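Examination of the molecular architecture
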Amino acid sequence: MAEQLSLEDIQNFKGKYPKQLWALFLVEMWERFCFYGMRGMLVIFMIDKVLGLALSDKSANLQYAAIQAFVYTFTFLGGIFADKVLGFRKSLFFGGMVMVLGNLIIAASPKDFFYIGITLSIIGTGFFKPNVSSMVGDLYKEGDGRRDAGYGMFYAGINIGGLLGGALCVYLGKYVSWNYAFLAAAIVMALGLVTFIFTQKTLGPIGDSPLKHMPVRKKRMREIGVYLLSLISIPLILIMVQNTKYTDYFMYSIAPLAILYFLYETYTVKEHKFRLKLFAAFIFIFFYFLFNAIFEQSGGSLSLFAAENLNHTLLFFNIDPNVVNNSSNSFFVILFSPLIGLLWLWLAKKKIEPNSIIKFGIGFLFLGASFYVFFYTRFFADINGITSLNLFTFGYLVTTLGELCLGPIGMSLVTQLSPKRLTGMMMGMWFLASAFGQFAAGKLGADMSVSDEHASLVTKLQSYTAGYYQLAIYAAVAGVFLIVFSPLIKKLMQGVS
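Presented here is an overview of the structure given in this document. (Residues numbered from 1 in each chain as written. Predicted model: local features only at pLDDT ≥ 70, side-chain atom pairs only at ≥ 80, totals over all residues. Heavy atoms only, no water.)

Looking at where Gln 63 falls in the secondary structure, it is placed in helix α3 (residues 57–108). Beyond its immediate sequence surroundings of up to four residues, Gln 63 is in contact with Met 46, Leu 55, Tyr 115, Val 241, Gln 242 and Thr 244. (Helix = DSSP H or I, 4+ residues; strand = E, 2+ residues; numbered from the N terminus. Contact = heavy atoms within 4.5 Å.)

Here the focus is helix α12 (residues 321–349). Within an α-helix, residues lying three or four positions from one another point in the same direction, as the helix has 3.6 residues per turn. Helix length check: α12 (29 residues) gives 41 Å between terminal C-alpha atoms against 42 Å at 1.5 Å per residue, within 8%. Roughly 45° is the biggest bend found in α12, and it falls at Ser 327. By the N-cap criterion, in which a side-chain oxygen at the helix start approaches the backbone nitrogen of a residue two or three places on, α12 is capped by Asp 320, the distance to Asn 322 being 2.7 Å. Phi for Lys 351, located one or two positions after α12, is positive at around 60°. (Expected span 1.5 Å × (residues − 1). Bend = angle between axes of the 7 residues up to and from the residue. Polar contact = N/O pair within 3.5 Å; in protein donor to acceptor, adjacent residues only side chain to side chain.)

Moving on: the pattern of salt bridges. Under the criterion given, the structure shown has nine salt bridges. A salt bridge links Lys 84 to Glu 265, with the shortest nitrogen-to-oxygen separation between them at 3.5 Å. With Lys 84 in helix α3 and Glu 265 in helix α9 (residues 244–268), this pair connects stretches of sequence that are 181 residues apart. In this structure Lys 84 comes out as partly exposed when scored by relative accessible area, which is 37%. In this structure, Glu 223 engages Lys 90 in a salt bridge whose closest nitrogen and oxygen atoms are separated by 2.9 Å. With Glu 223 in helix α7 (residues 216–232) and Lys 90 in helix α3, the pair connects residues that are 133 residues apart, well separated along the chain. It is possible to trace a salt-bridge network through shared partners that takes in Asp 57, Glu 308 and Lys 460. (Salt bridge = Lys/Arg side-chain N within 4 Å of Asp/Glu carboxyl O. Buried < 20%, exposed > 50% of the residue type's maximum accessible area, 1.4 Å probe, protein only.)

With that out of the way, let us pick up the packing of helix α13 (residues 356–376) against helix α16 (residues 457–484). Two numbers describe how α13 lies on α16: the axes approach to 7 Å, and their chain directions differ by 165°. In terms of orientation, α13 lies roughly antiparallel with respect to α16. α13 and α16 meet at a crossing whose hand is left-handed. Taken together, the residues of the contact of α13 with α16 break down into 21 nonpolar, four polar and no charged. (Axes fitted to C-alpha atoms, helices over the stretch in contact; angles between N-to-C directions. Parallel < 35°, antiparallel > 145°, perpendicular 65-115°, else oblique. Left-handed = near helix turned anticlockwise from the far one by under 90°. Nonpolar A, V, L, I, M, F, W, Y, C, P; charged D, E, K, R; others polar.)

Another aspect to go through is the environment of Thr 268. Tracing the chain through its elements places Thr 268 in helix α9. A polar atom in the side chain of Thr 268 sits 2.6 Å from the backbone oxygen of Glu 265.

Moving on, we come to the environment of Gly 124. Considering the arrangement of structural elements, one finds Gly 124 in helix α4 (residues 110–138). On the basis of relative accessible area, Gly 124 is assigned to the buried category, the value being 0%. Considered as a pair, Gly 124 and Ser 456 are 332 residues apart in the sequence and their alpha carbons are 40 Å apart. Sequence-distant contacts of Gly 124, that is, excluding residues within four places in its chain, are made with Gly 95, Gly 96, Val 98 and Met 99.

Before going further, it helps to spend a moment on unusual backbone geometry. Of note in this structure, Ala 54 is not a glycine but carries a positive phi near 60°. Take Ala 54: it is sitting in the loop between α2 (20–47) and α3. Of the residues examined, Ala 54 reaches a relative accessible area of 40% and is grouped as partly exposed.

Counting 151 residues, the largest nonpolar core has Phe 114 and Tyr 468 as the members making the most contacts within it. At 21 residues, the largest contribution of residues to this core is made by α3. Non-local contacts of Phe 114, meaning those with residues more than four positions away in its chain, are made with Leu 42, Phe 45, Met 46, Leu 53, Ile 67, Ile 106, Ser 109 and Phe 182. (Core = buried A, V, L, I, M, F, W, Y, C linked by side-chain atoms within 4.5 Å.)

Moving on: the packing of α3 against α9. Close contact between α3 and α9 brings their axes to 11 Å; oriented N to C, the two are set at 30°. What the angle tells us is that α3 and α9 run roughly parallel. Relative to α9, the crossing made by α3 is left-handed. Along its contact with α3, which presents Leu 62, Gln 63, Ala 66, Ala 69, Phe 70, Thr 73, Phe 76, Ile 80 and Lys 84, the element α9 presents Thr 244, Thr 247, Phe 250, Met 251, Ile 254, Ala 258, Tyr 261 and Glu 265. The residue makeup of the contact of α3 with α9, split by class, is 11 nonpolar, four polar and two charged.

Considered for burial, the residues of helix α8 (residues 234–242) that qualify are Ile 234, Ile 237, Met 240 and Val 241. End-on view of α8: buried residues confined to an arc of 135°, all on one side of the axis. (Arc of directions from axis to C-beta.)

The next point concerns the state of the cysteines. Here, disulfide denotes a covalent bond that connects the sulfur atoms of two cysteines. Applying the stated rule across the entire model yields zero disulfides. Unpaired in terms of disulfides, Cys 34 finds its nearest cysteine sulfur in Cys 169, a separation of 7.6 Å. Judged by its relative accessible area of 2%, Cys 34 is buried. Note on Cys 169: relative accessible area 0%, which makes it buried. (Disulfide = S-S within 2.5 Å.)

How two aromatic rings sit relative to each other is set out by the distance from centre to centre and by the angle between their planes. Across all of its chains, the model carries 45 aromatic pairs by this definition. Between Phe 305 and Phe 392, the ring centres sit 6.1 Å apart and the planes meet at 35°, which makes this aromatic pair tilted. Of the two residues, Phe 305 sits in helix α11 (residues 301–309) while Phe 392 sits in helix α14 (residues 389–417), which places them 87 residues apart along the sequence. For the pair shown, Phe 305 and Phe 392 are each scored as buried. Residues Phe 374 and Phe 392 carry aromatic rings whose centres are separated by 5.3 Å and whose planes lie at 45° to one another, so their mutual orientation is tilted. Taken together, the residues span a long stretch of sequence, with Phe 374 in helix α13 and Phe 392 in helix α14 at a distance of 18 residues. With respect to burial, Phe 374 and Phe 392 carry one shared label: buried. The ring of Tyr 246 has Lys 245 sitting right over it, with the charged end atom 5.6 Å from the ring centre. Above the ring of Trp 344, the side-chain terminus of Lys 359 is found at 4.4 Å from the ring centroid. (Phe/Tyr/Trp six-rings, centres within 6.5 Å; stacked < 30°, edge-to-face > 60°. Lys NZ or Arg CZ within 6 Å of the ring centre and 35° of its normal.)

Here is the structure:
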């Protein structure tokens, strides 16, 4: 048997990227295929009057908000269980298996088994999602300047899965069969698990159980307890996902509890400078919530807008607008992520590279500009309320530029600002911010939607674009705030840039 690599061997890699990075982004790539495929299908499947759930636009937005909120809330809980009991590897494998099972159950009969299958997918994603990102952080020593580049490449690579899943699953669902669409998500998730099984030996001690020095029987009992707790929670989640009123109660309860838990863990940190760094990380996490509340209209209101108010002409091609809505962001990430990385390197050589706080602010300014573009589509509409897919796609290009200023940098910052023993929890907080962002996005999307099912497309166009105008203003204000107060936030970061 080959000797296990040590952490020092892994972190002392030569060149720009550690070899383990490629294995991890392959695993995450397949999970992204499954996740983006599912996300893109949800609202369209829900409003399908024949083969789907036949929900109204408003109800579909709220249901989408509930599902996405639970996905990311369980990511927070999954991060804690990985930190304290399972370790990243066992958590990832258990989560992946539950996700495969959930998608297979929906594929068997989407209309009948949707809610039970989506409940399993929620639990599985919670255990899977935070762990790959955390293991990427462990590939680097503290202060290694190559970490941002690693997260940037990881971020671009996994979006290949988002691009393929976003396009293929929506196409299969709308034009072939919802059964095959959900089956495709299950198959690719299984591929991700197989990839991890054959590549995990290269990770050395990264992702091992935090209880590996505990007596085997005691450790096993704790692990079994986590698995049983997850299974027991299935009926509760099922009820809350089906009735969005209960989701509201849950989300409004989990927010103060998460903040109290964060404050408790921060209080247990002895050194003052590490406490300040944790508070800096929390600021980034809070603004990530605001970003997602606007950005994640893509799975809700923008998906409905694409389905009803866009033509099918992109440049010289005839293409379904929902395929564009669900895959263009990933396409632009793949295209522009390396270019943005090169831009930062060029600015760094000129000694004018903006710090991470300014980059966050710039990300919000781009986000605001993109939603102004979505608003501006109202001026290109015909008398029937059908507007330009070209301009809509350009809006996504601008959105993506904003995301690239914020997304990969944010994950890297959270790992740098967090003590090692709290990395999983803080990555969970990062994803919990996304949960509340998704939740808020669904609420905002529901407020934009027209309650009258018989309303004209012109009325729907005006309602949605008016909402996008308001979101553009909110994003711009947040961006200006970050840039103006960047010196104060920088002091909290204690040298992390």
